[in-house]
Amino acid sequence: MADYGKTLKHLIDFSSVKMYLVAEAVGYDVSYISKWCNKGYLPSAKAVPKINSILSGLLAEDISLHCDLDEFNRQFDVQATGETLEAIIQTMLQDAYEDSGKKEAAARNGKNGNEVSIGARTLVHTNEIRRFFREEFTECLRTSQTSPENPLQILCTLDLCLFLSKVLPELTFPVDMDFHVKIAVQEDRLYRDHFALLPKLYSFLSLNCRVSFELFSNEKIECANTILIEDRMAAICSLDSDGRVMSVFSVSDPQTVHHMYSKILPLFNRSRLLLRDSDPIDFHRKGYRTDFYSRDHFQILLACGFEYLLPRDCWESVVETARKKYKNEHIALLVRRLQVTWEEIFEHGSIDFFVLKTALLRYMETGEIIFTDVVHRLTPEQRKSHVLNVLEVTRKNPNIVFYLIDDEKFQTKNPLAYLSVFNNREKAFLKNPNRYHCENGPFFYSIRDNNLISKMGEFFDDLKTTPVCSRYGHEELQAFYDKYSSLINRMIDL
């Protein structure tokens, strides 16, 4: 009897198709394809006909173009021609799937008891439910095996807003482990109370800056009420009209969890993406920064240093760091291009800089900035020159305004964990400074939803009038510097 995973792996290995291309074609995560090939897991019976059809077309096209058909016939003991290759591959996969299904059924029948009941529990008491979210969920994550190349996949169809509002118990993720979480958001709830929920969302992403999240509209998945930890645990929750959990049905049998995962993941793949994680290579390849800075009316919240309004001598030192420390001429060239772009923006553009007080003080003491993807430290003299250049640029362009935020009043406990926010009311992204000092978490989040970008703009406009925010135009900056310049210089020289 044929084995589905071995047959699929043999076909992929024979062709020149990469695993990630297979994953993209069928709409599954690459780690999931790997489990089909190497760990004996099977796609669901409902999904497999479409999966096999897509795979046979992809593999047949590649084999026809790049491989020896005679060698294919020899290895797989078939008599395929160019015209029949796709149909033969599809038949091979389907036959292998049926054989593997029979083996799986025989193995289940050979065991005592009901396989589905293994590891299944129903929780109805409030303390049990609270313990499940606060302790058992975290313990299941902590005892999982993860790596940067193979992060643990987590699916949550429960509305993130309910967690942010404390209607649902808080989810806690262990540090120094690799997790990728797809989670649903009810947009109406988020946007209806955006001034309260957006800072909570920001704090949630900041506190969990070592976890990679993707946020999806819950339009197609709001009734599932499921949390899944890949191959480890699944929980189906019944909710009352306010979104509170009344009961939890929890399953830990790997095969059952796997089949549930295969049913829920396609729902996310068909849902509208609101926010996704990204890395520097993806950002550069898609020209995201260039496109972002081609617009105007910027709102920029900086959580690590202040890399804008640098004097010319500082630009040169950043370029040298890119070349010598990172040995990356591409980043050095990007710095040069941004210098030209930013000088034009600073001359005429409209920019609201929101600066965290703790981040500003830390920059004055350390001089650390993250310029594009270059971690760089300015010397004390460069920092002093930077301060003077800020005063000069704001004198020439009154449309550049600073808002100092007293972040000591924020809920986030770790001042190094904040995310930077970049918005121009048409495009927006978040940057994770912590990622440049550790191995976990995303470098960036790109905002994919125009409504979310618009609400972010409204939030920043409202933030200006709150007690935690103090406005500094050129006159206020100059007056502050005239009064405290000696103190500022002593802080820098420490």
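Remember, predicted model here, so these are calculated numbers, not experimental data.

Summing up its helical and strand segments, the protein has 19 helices and 17 strands in all. The dimensions of the protein, computed from C-alpha atoms along their principal axes, are 85 × 60 × 35 Å. The buried share of the protein, reckoned over its 494 residues, is 52%. Looking at the protein alone, contacts between residues at least 24 apart form 79% of all its contacts between residues at least 6 apart. Counting 60 positive and 69 negative side-chain charges, the protein places the averaged centre of each group 4 Å from the other.

To find leftover empty space, one rolls a probe the size of a water molecule over the atoms. In this model, the largest pocket occupies a volume close to 1200 Å³. Lining the largest pocket we find 36 residues, and of these D29, H180, R276, D277 and D279 sit closest to its centre. For the lining of the largest pocket, the secondary structure elements donating two or more residues are α2 (19-26), α3 (30-38), β3 (179-185), β4 (212-217), α11 (254-269), β8 (273-278) and α12 (280-285). When its residues are assigned to classes, the lining of the largest pocket shows 11 nonpolar, 11 polar and 14 charged.

It is worth spelling out the nonpolar core at this point. Proteins that are soluble and globular tend to have nonpolar side chains buried together. In this structure, F133 and F173 are the most contacted members of the largest nonpolar core, which totals 68 residues. With 52 residues, the next largest nonpolar core counts F283, L302, W342 and F371 among its residues.

Attention shifts here to a positive patch on the surface. A cluster of like positive charges, contributed by K46, K50, K220, K263 and R270, occupies part of the molecular surface. Considering the arrangement of structural elements, one finds R270 in the loop between α11 and β8. For R270, a relative accessible area of 52% corresponds to the exposed category.

Let's shift gears to empty space enclosed by the protein. Summed over the entire model, instances satisfying the criterion amount to four cavities of 30 Å³ or more. Taken as a whole, the largest cavity spans an internal volume of roughly 70 Å³. What lines the largest cavity is simply R289, Y293, E307, Y308, L338, W342, I370, T372, F422, F429 and K431. Contributions of two or more residues to the lining of the largest cavity are made by α15 (329-348) and β15 (428-431). Of the residues belonging to the lining of the largest cavity, the class tally is seven nonpolar, one polar and three charged. Size it by volume and the second largest cavity reaches roughly 40 Å³. Looking at the lining of the second largest cavity residue by residue, the classes come out as five nonpolar, one polar and two charged.

An α-helical turn contains 3.6 residues, so any two residues separated by three or four positions project in the same direction. With 17 residues, helix α7 (residues 126-142) should reach 24 Å at 1.5 Å per residue; the first-to-last C-alpha distance of 24 Å fits that figure. The largest bend along α7 reaches roughly 45° and is located at F132. Every buried residue of α7 is listed here: I129, F132, F133, F137, T138, C140 and L141.

Moving on to the environment of W36. Mapped onto the secondary structure, W36 falls in helix α3. Along the chain, W36 and L391 lie 355 residues apart, while their C-alpha atoms are 60 Å from each other. Apart from the residues within four sequence positions on either side, W36 is in contact with G5, L8, Y28, Y41, L42, P43, I51 and H258.

Take unusual backbone geometry next. Even without being a glycine, K166 presents a positive backbone phi close to 70°. The class of K166 is exposed, set by a relative accessible area of 58%. Look at N225: it is not a glycine, yet its phi comes out positive at around 50°. Turning to its location among the elements, N225 is positioned in the loop between β4 and β5 (226-229).

Helix-helix packing is described using two parameters, namely the angle between the two axes and the distance between the axes. With their axes 6 Å apart at the nearest point, helix α16 (residues 357-366) and helix α19 (residues 474-493) run at an angle of 65° to one another. Taken together, the residues of α19 that come into contact with α16 (itself represented by L361, M364 and E365) are I488, M491 and I492. In terms of residue class, the contact of α16 with α19 is made up of five nonpolar, no polar and one charged.

Taken as a whole, this structure holds 32 salt bridges when the rule is applied. Two residues, R74 and E71, come together in a salt bridge whose shortest N-O distance is 2.5 Å. Remark: E71 and R74 occur in helix α5 (residues 69-76); sequence separation between them is three residues, near one turn of the helix. E71 gets classed as partly exposed once you look at its relative accessible area, which sits at 26%. If you follow the salt bridges from partner to partner, you end up with E187, E219, R272 and D449 in one network.

This next bit is on helix α1 (residues 4-14). For α1, every residue scored as buried is listed here: Y4, G5, T7, L8, L11, I12 and F14. The N-cap residue of α1 is D3: its side-chain oxygen and the backbone nitrogen of G5 are 3.0 Å apart.

Cut-offs and rules
Residues numbered from 1 in each chain as written. Predicted model: local features only at pLDDT ≥ 70, side-chain atom pairs only at ≥ 80, totals over all residues. Heavy atoms only, no water. Helix = DSSP H or I, 4+ residues; strand = E, 2+ residues; numbered from the N terminus. Buried < 20%, exposed > 50% of the residue type's maximum accessible area, 1.4 Å probe, protein only. Contact = heavy atoms within 4.5 Å. Lys, Arg positive; Asp, Glu negative; His and termini not counted. Charge placed at Lys NZ, Arg CZ, Asp CG, Glu CD. 1 Å grid on protein atoms, 1.4 Å probe; cavity = no way out; pocket = protein on both sides within 12 Å on 5 of 7 lines; lining within 4 Å. Points joined across faces, edges and corners; volume = space filled by probe spheres on them. Nonpolar A, V, L, I, M, F, W, Y, C, P; charged D, E, K, R; others polar. Core = buried A, V, L, I, M, F, W, Y, C linked by side-chain atoms within 4.5 Å. Patch = residues over 30% accessible without salt bridge, like charges linked within 9 Å, V, L, I, M, F, W, Y side chains within 5 Å. Areas by Shrake-Rupley, 256 points an atom, 1.4 Å probe, with all protein chains shown as cover. Salt bridge = Lys/Arg side-chain N within 4 Å of Asp/Glu carboxyl O. Expected span 1.5 Å × (residues − 1). Bend = angle between axes of the 7 residues up to and from the residue. Axes fitted to C-alpha atoms, helices over the stretch in contact; angles between N-to-C directions. Polar contact = N/O pair within 3.5 Å; in protein donor to acceptor, adjacent residues only side chain to side chain.

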